[in-house]
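Below are the chains, spelled out letter by letter.
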Amino acid sequence: MSFSINDAWTETVADLKVHAGRYLLPAAAFLFFPTLVVEVLTPPLVDLKTDLIDPALTGPRAFASIAAIPGYLAIIAIALGITGHEGPAIRRGLTLFPAALGVTILTGLATMAGLTLLILPGLFLFARFFVALPALADGETRVLDAIRTSWEATEGRWAPILGGALLLIIGATFAGAVAGLIGALIGGTTPEGAPPSLPAALAQTGMGAVAGTLITVFQAKVWRELQANRLPG
């Protein structure tokens, strides 16, 4: 057998059709609620007058991103079959949180540096690090070991992984924008520089949590597919 990104996607869809309820608690507790609080209580990250990011507002967004990490690990643990229940999966996510934070920071900095320099190196690194968190959740509990394992597992397979991941991210971004627009139409406009209306925040954050869950389950299935079809060597 050979690695197939289509098989990983098929497994993702099949899992979510049958077991979507298992992902609800970690997605709600770690992906949805922290981001919703930040969206409702803080102004937009980008100043509409200058089209620049307000540095004072990056902190709350970073907090929401960091708070989501145990949720991602819990979702991965469920998707990999490490545990079939939300409680043990969340505990595993919290236990692995420090290492996962290290993995996220190191791979994120490397990817951002690649994107800043020439874009293509960043996309290449993004694909090579795509399964670092699943590797961590599946047993590689040291930061550098998880990154190294992801690098080795994606050798010669990074192109289809990048293509599949980018399609999901683009689709998720579009869906989030549509959800936010619908929420804004329902909730009405807010003063310039003010947080979005509650319906807009709920719609956009909810779609973000759904998309985050989908992409994370896909990461886990890609990892499992890579493990099942290792290259000889």
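Structure's up top.
Everything quoted here is computed from the prediction, not taken from an experiment.

A. Representation of the pattern of salt bridges. A complete count under the given rule lists six salt bridges for this structure. Residue Asp 15 pairs with Lys 221 through a salt bridge whose shortest N-O separation is 3.1 Å. Of this pair, Asp 15 sits in helix α1 (residues 5-19) while Lys 221 sits in helix α11 (residues 198-228); the two residues are 206 residues apart in sequence, bridging distant segments of the chain. Shared partners join several salt bridges into a network, and the residues in it are Asp 145, Arg 148 and Glu 152.

B. Examining the packing of α1 against α11 more closely. The geometry of α1 relative to α11 is characterised by a closest axis approach of 8 Å and an angle of 130° between their N-to-C directions. Here α11 runs oblique to α1, going by the angle between their axes. The interaxial crossing formed by α1 with α11 has right-handed handedness. Counting all contacts with α1, which are made through Ile 5, Asp 7, Ala 8, Trp 9, Glu 11, Thr 12, Asp 15 and Leu 16, the residues of α11 involved are Leu 214, Val 217, Phe 218, Lys 221, Val 222 and Glu 225. Tallied by class, the residues present in the contact of α1 with α11 amount to eight nonpolar, one polar and five charged.

C. Quick peek at the layout of surface pockets. In this structure, the second largest pocket occupies an estimated 240 Å³ of space. What lines the second largest pocket is a set of eleven residues, among which Thr 149, Glu 152, Ala 153, Gln 227 and Arg 230 lie closest to the centre. A total of four residues in the lining of the second largest pocket trace back to one element, the largest contributor, which is helix α9 (residues 143-153).

D. Main features of the nonpolar core. Leu 73, Leu 136 and Val 222 are the most contacted members of the largest nonpolar core, which has 49 residues in total. A total of nine residues in this core trace back to one element, the largest contributor, which is α11. Setting aside residues up to four positions removed in sequence, Val 222 forms contacts with Phe 3, Ile 5, Ala 8, Phe 130, Val 131 and Ile 161.

E. Local environment of the packing of aromatic side chains. Within this structure, the stated rule accounts for seven aromatic pairs. Look at Trp 9 and Phe 218: their rings are 6.3 Å apart centre to centre, the planes differ by 70°, and that puts the pair in the edge-to-face class. Of the two residues, Trp 9 is situated in helix α1 and Phe 218 in helix α11; the sequence distance between them amounts to 209 residues. Note on Trp 9: relative accessible area 36%, which makes it partly exposed. Here the aromatic cluster, defined as three or more aromatic residues joined through ring pairs, consists of Trp 9, Phe 126, Phe 130 and Phe 218. Just above the ring of Trp 151 sits the side chain of Arg 128; from NZ or CZ to the centre is 4.0 Å.

F. Unusual backbone geometry, seen in detail. Despite not being glycine, Ile 119 has its phi angle at roughly 70°, a positive value. Looking at where Ile 119 falls in the secondary structure, it is placed in the loop between α6 (97-117) and α7 (120-128).

G. Structural detail: the side chain of Thr 107. Along the chain, Thr 107 falls in helix α6. At a separation of 2.7 Å, a polar atom in the side chain of Thr 107 contacts the main-chain carbonyl oxygen of Val 103. Excluding its chain neighbours within four sequence positions, the residues that come into contact with Thr 107 are Phe 129 and Ile 147.

H. Structural context of α7. Of the residues making up α7, those classed as buried are Gly 122, Leu 125, Ala 127 and Arg 128. Buried residues along α7 sit against α6, α9 and α10 (158-187).

I. A look at a nonpolar patch on the surface. A grouping of Val 37, Val 40, Leu 41, Leu 198 and Leu 202 is seen on the molecular surface, where their side chains present a nonpolar patch of about 440 Å² in accessible area. Secondary-structure elements contributing two or more residues to the nonpolar patch are α2 (24-41) and α11. Along the chain, Leu 198 turns up in helix α11.

J. Structural view of the side chain of Thr 83. Here Thr 83 shows up in the loop between α4 (69-79) and α5 (86-95). From its side chain, Thr 83 meets the backbone nitrogen of His 85 in a polar contact 3.3 Å long.

What counts, and at which threshold
Residues numbered from 1 in each chain as written. Predicted model: local features only at pLDDT ≥ 70, side-chain atom pairs only at ≥ 80, totals over all residues. Heavy atoms only, no water. Salt bridge = Lys/Arg side-chain N within 4 Å of Asp/Glu carboxyl O. Helix = DSSP H or I, 4+ residues; strand = E, 2+ residues; numbered from the N terminus. Axes fitted to C-alpha atoms, helices over the stretch in contact; angles between N-to-C directions. Parallel < 35°, antiparallel > 145°, perpendicular 65-115°, else oblique. Left-handed = near helix turned anticlockwise from the far one by under 90°. Contact = heavy atoms within 4.5 Å. Nonpolar A, V, L, I, M, F, W, Y, C, P; charged D, E, K, R; others polar. 1 Å grid on protein atoms, 1.4 Å probe; cavity = no way out; pocket = protein on both sides within 12 Å on 5 of 7 lines; lining within 4 Å. Points joined across faces, edges and corners; volume = space filled by probe spheres on them. Core = buried A, V, L, I, M, F, W, Y, C linked by side-chain atoms within 4.5 Å. Buried < 20%, exposed > 50% of the residue type's maximum accessible area, 1.4 Å probe, protein only. Phe/Tyr/Trp six-rings, centres within 6.5 Å; stacked < 30°, edge-to-face > 60°. Lys NZ or Arg CZ within 6 Å of the ring centre and 35° of its normal. Polar contact = N/O pair within 3.5 Å; in protein donor to acceptor, adjacent residues only side chain to side chain. Patch = residues over 30% accessible without salt bridge, like charges linked within 9 Å, V, L, I, M, F, W, Y side chains within 5 Å. Areas by Shrake-Rupley, 256 points an atom, 1.4 Å probe, with all protein chains shown as cover.

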